[in-house]
Amino acid sequence: MTVLDKMIIKDLLKTVISVEMVLVVIIVSRKFIKVLAQAIEGNIASDTVLALLGLRIVIAATTFLPAALFMAVLMVLGRMHREQEMSAIASAGGGMFTIYRAVFWVVIPLSVCAAGLSMYAAPWAEGQTELLMHQDRENADIRGISAGRFSEYSNGELIFYTENVDPAGKMSGVFVQNKQGDKLGVVNAQSGRLEYLPGGLYLILENGERIQGIPGQKDYTIENFKEYAVLIERKNIAFVPNIESLPTKQIWNSNNIKEIALLQDRTNVPAGVILLAFLAVPLAKSSPRGGMYGSVFIAFGIYFAYSNLQRVNHSWVVSQILPTWLGYFWVEAVLLIVGLIMLIRLYSWQWIMLKLTGKVAA
């Protein structure tokens, strides 16, 4: 590893980390607003919010790692072109392969990291996110209960109040008002607890009195009870994980068309890291008067087209417009061809052929 390699590697790593952090913070912040809104409404526990934030960061870091590396290569090499560092390297005998060697000292480890993130870390994070959200949906009603406060359920048809709630969830001094059609029921009980039973979430009341009737009429029903159950909310608490959370090992040999497309999405992440870095090297060349970022606008256009082709390809594979064996190969082939065209435009076809045959120095 030469001094030039170490210099480019150091600049690239610092820039990749900075760009990745900025992208992740922007994207996660936008998506996390919905999570915070649910936490404010009591649908998500406060201690779950930080766990969800960490899981979202893992998913976003996996998604935007190719874009971060692409932008980092453009920024680092573009600056070297503007400050005439590339001219100094060329005058010392360094050429295209010298730059590619230094860049791929960073690209290869990052592509391996991207493969691990997309194949294992991101699906695990998706699964944990789904599981935490499911658990919070189950416990939303329990969290909404606090001593000395009226709580509404079933769109206001049930009003609940308790004087005290112990750490185990046991309630004392319970008042419930329940409306069923024209009839209004009022229940007072010494104690109560919430419990999931077949059919939904029930409030189990113990040792109390129940009064039920139609307001304005005299035929009320008054009864005492040792135990009385009130349905708070009908729920289907079965956990059905999203397809994005399926482990890679489970879908590796799958014949399901959606799972095949999902596997191709995951394998595309490390391939995108390598191909976008390959394209960024010739794209970063700019003249001293070419502006601060040179060809960055062209690069954004290429990346925008590439990311949209990925989405289109996914839908085409799922709808079987494209054969599954083709997958993302055609998208990656287009990106590779664009990179080769940029190289030919920069160095000329004859020079590249001489370089490959060893007739010119590195």
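Preceding block: the structure.
Before going into details, it helps to say that this report is about the structure given with it.

About the criteria used
Residues numbered from 1 in each chain as written. Predicted model: local features only at pLDDT ≥ 70, side-chain atom pairs only at ≥ 80, totals over all residues. Heavy atoms only, no water. Helix = DSSP H or I, 4+ residues; strand = E, 2+ residues; numbered from the N terminus. Buried < 20%, exposed > 50% of the residue type's maximum accessible area, 1.4 Å probe, protein only. Salt bridge = Lys/Arg side-chain N within 4 Å of Asp/Glu carboxyl O. Phe/Tyr/Trp six-rings, centres within 6.5 Å; stacked < 30°, edge-to-face > 60°. Expected span 1.5 Å × (residues − 1). Pairing = 2+ DSSP bridges. Contact = heavy atoms within 4.5 Å. Patch = residues over 30% accessible without salt bridge, like charges linked within 9 Å, V, L, I, M, F, W, Y side chains within 5 Å. Areas by Shrake-Rupley, 256 points an atom, 1.4 Å probe, with all protein chains shown as cover. Axes fitted to C-alpha atoms, helices over the stretch in contact; angles between N-to-C directions. Parallel < 35°, antiparallel > 145°, perpendicular 65-115°, else oblique. Left-handed = near helix turned anticlockwise from the far one by under 90°. Nonpolar A, V, L, I, M, F, W, Y, C, P; charged D, E, K, R; others polar.

**A look at the overall build of the protein**
Summing up its helical and strand segments, the protein has 9 helices and 6 strands in all. The buried share of the protein, taken over its 362 residues, is 41%.

**Comments concerning the pattern of salt bridges**
Under the criterion given, the structure shown has 5 salt bridges. Between glutamate 206 and lysine 170 there is a salt bridge; the shortest N-O distance is 3.2 Å. In this pair, glutamate 206 is assigned in strand β5 (residues 200-213) and lysine 170 in the loop between β2 (158-165) and β3 (171-180), connecting sequence segments 36 residues apart. Note on lysine 170: relative accessible area 35%, which makes it partly exposed.

**Some thoughts on the packing of aromatic side chains**
Across all of its chains, the model carries 6 aromatic pairs by this definition. Aromatic side chains tryptophan 316 and tryptophan 330 sit 6.0 Å apart centroid to centroid with 20 degrees between the ring planes, which places their arrangement in the stacked category. Of this pair, tryptophan 316 sits in helix α7 (residues 296-318) while tryptophan 330 is found in helix α8 (residues 329-347), placing the two residues 14 residues apart along the sequence. Taking relative accessible area as the criterion, tryptophan 330 reaches 21% and is therefore assigned partly exposed. Among the aromatic side chains, those forming a connected cluster through ring pairs are Phe70, Tyr303 and Tyr306.

**Quick look at α7**
In an α-helix, one turn spans 3.6 residues, which is why side chains three or four residues apart end up on the same side. The end-to-end C-alpha distance of α7 is 33 Å, a good match for the 33 Å that 23 residues give at a rise of 1.5 Å each. Residues Val296, Ala299, Ile302, Tyr306, Ser307, Gln310, Asn313 and Val317 constitute the buried set of α7. At the exit of α7 stands glutamine 320, carrying a positive phi of roughly 65 degrees.

**Quick notes on the pairing of β2**
Pairing of β2 with β3 involves 7 bridges; the strand directions are antiparallel. Its bridge partner being in β3, phenylalanine 160 is matched across the sheet by valine 176. Hairpin remark: β2 followed by β3, antiparallel, with 5 residues in the connecting loop; positive phi at glycine 169, about 90 degrees.

**With respect to the environment of glycine 339**
Note on placement: glycine 339 falls in helix α8. Taking relative accessible area as the criterion, glycine 339 reaches 0% and is therefore assigned buried. As for glycine 339 and leucine 279, which are separated by 60 residues in sequence, their C-alpha atoms are 4.5 Å apart. In contact with glycine 339, other than residues within four places in its own chain, are Phe278, Leu279 and Pro282.

**Section: a nonpolar patch on the surface**
Among the surface-exposed residues, Ile108, Val112 and Ile274 lie close enough to one another that they form a single nonpolar patch of about 240 Å² accessible area. Residue placement: valine 112 occurs in helix α4 (residues 96-143).

**Regarding the packing of helix α6 (residues 257-283) against α7**
Contact geometry of α6 with α7 gives a least axis separation of 11 Å together with a crossing angle of 160 degrees. When the axis of α6 is compared with that of α7, the two are roughly antiparallel. Regarding α6 and α7, the two cross each other, and that crossing is right-handed. Residues Ile257, Lys258, Ala261, Leu262, Gln264, Asp265, Asn268, Gly272, Leu276, Leu279 and Leu283 of α6 lie in contact with α7, whose contacting residues are Ile298, Ala299, Ile302, Tyr303, Tyr306, Gln310, Asn313, His314, Val317 and Val318. Classifying every residue of the contact of α6 with α7 by side-chain character gives 13 nonpolar, 6 polar and 2 charged.

Distances and angles like these do not, on their own, reveal function.
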